[in-house]
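So the chains spell out like this:
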Amino acid sequence: MASVPASEFQKNFGEWHERIYQGPVEITRYGRPTAYLVSAEMFQQLWERFRVNMPVEELSIGEIEAIMQAEVTGDQPYNLDDLPDEPAKPR
């Protein structure tokens, strides 16, 4: 991934704008990443895959039923019994 200081990015925006078609551009300030510039296509792909996390207790009965009926395809079959029981972590 290309990385550029914010001052350089600002001076040569056109050059860096063209580079987003090769991959994301990390924009830094004082050596730390502060932003990323991505193509519109990549942004749409990321936005489509965006997920919101919430505690299980906030799920509706319908959402829980949908999760229980969902099927995940993969090379090896599994079910919820395959997941280890772990104690809940305190928040």
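A short tour of the structure in this document, coming up. Quick caveat: nothing in here was measured; it's all calculated off a predicted structure.

1. Let's talk about the sheet that holds strand E1 (residues 2-5)
For step 1, the next point in the chain: Reading across the sheet, the three strands line up as E1-E2-E3 and stay open at both edges, with mixed pairing between neighbours. At either end of the open sheet lies a strand with only one pairing partner, and these are E1 and strand E3 (32-37). On average, adjacent strands in this sheet sit at an angle of 35 degrees to one another, irrespective of strand direction.

2. Remarks on the packing of aromatic side chains
For step 1, the next point in the chain: With the rule as written, the count across this model stands at three aromatic pairs.
For step 2, the next point in the chain: On the numbers, 5.5 Å between centres and 80 degrees between planes, the contact of Phe9 with Phe13 is edge-to-face.
For step 3, the next point in the chain: Residue class for Phe9 comes out buried when judged on its relative accessible area of 14%.
For step 4, the next point in the chain: Seen from their ring centres, Phe43 and Trp47 are 5.9 Å apart, and the 20 degrees between their planes marks the pair as stacked. Here Phe43 and its partner Trp47 are both found in helix H3 (residues 40-49), four residues apart, which amounts to about one turn of the helix.
For step 5, the next point in the chain: Judged by relative accessible area, which is 41%, Phe43 ranks as partly exposed.

3. Looking at unusual backbone geometry
For step 1, the next point in the chain: Even without a glycine there, the phi angle at Tyr30 is positive, about 55 degrees.
For step 2, the next point in the chain: Residue Tyr30 is classed as exposed on the basis of its relative accessible area, which comes to 80%.

4. So, the side chain of Ser39
For step 1, the next point in the chain: As for its placement among the helices and strands, Ser39 is situated in the loop between E3 and H3.
For step 2, the next point in the chain: Aside from chain neighbours lying at most four places away, what touches Ser39 is Ile20 and Tyr21.

5. Regarding the pairing of E1
For step 1, the next point in the chain: On E1, burial follows the alternation: Ala2 and Val4 on one face are buried, whereas Ser3 and Pro5 on the facing-out side are not.
For step 2, the next point in the chain: Note that E1 and strand E2 (residues 25-29) share four bridges and pair parallel. Counterpart to Val4 in the pairing with E2 is Ile27.

Cut-off values and rules
- Residues numbered from 1 in each chain as written.
- Predicted model: local features only at pLDDT ≥ 70, side-chain atom pairs only at ≥ 80, totals over all residues.
- Heavy atoms only, no water.
- Pairing = 2+ DSSP bridges.
- Helix = DSSP H or I, 4+ residues; strand = E, 2+ residues; numbered from the N terminus.
- Axes fitted to C-alpha atoms, helices over the stretch in contact; angles between N-to-C directions.
- Phe/Tyr/Trp six-rings, centres within 6.5 Å; stacked < 30°, edge-to-face > 60°.
- Buried < 20%, exposed > 50% of the residue type's maximum accessible area, 1.4 Å probe, protein only.
- Contact = heavy atoms within 4.5 Å.

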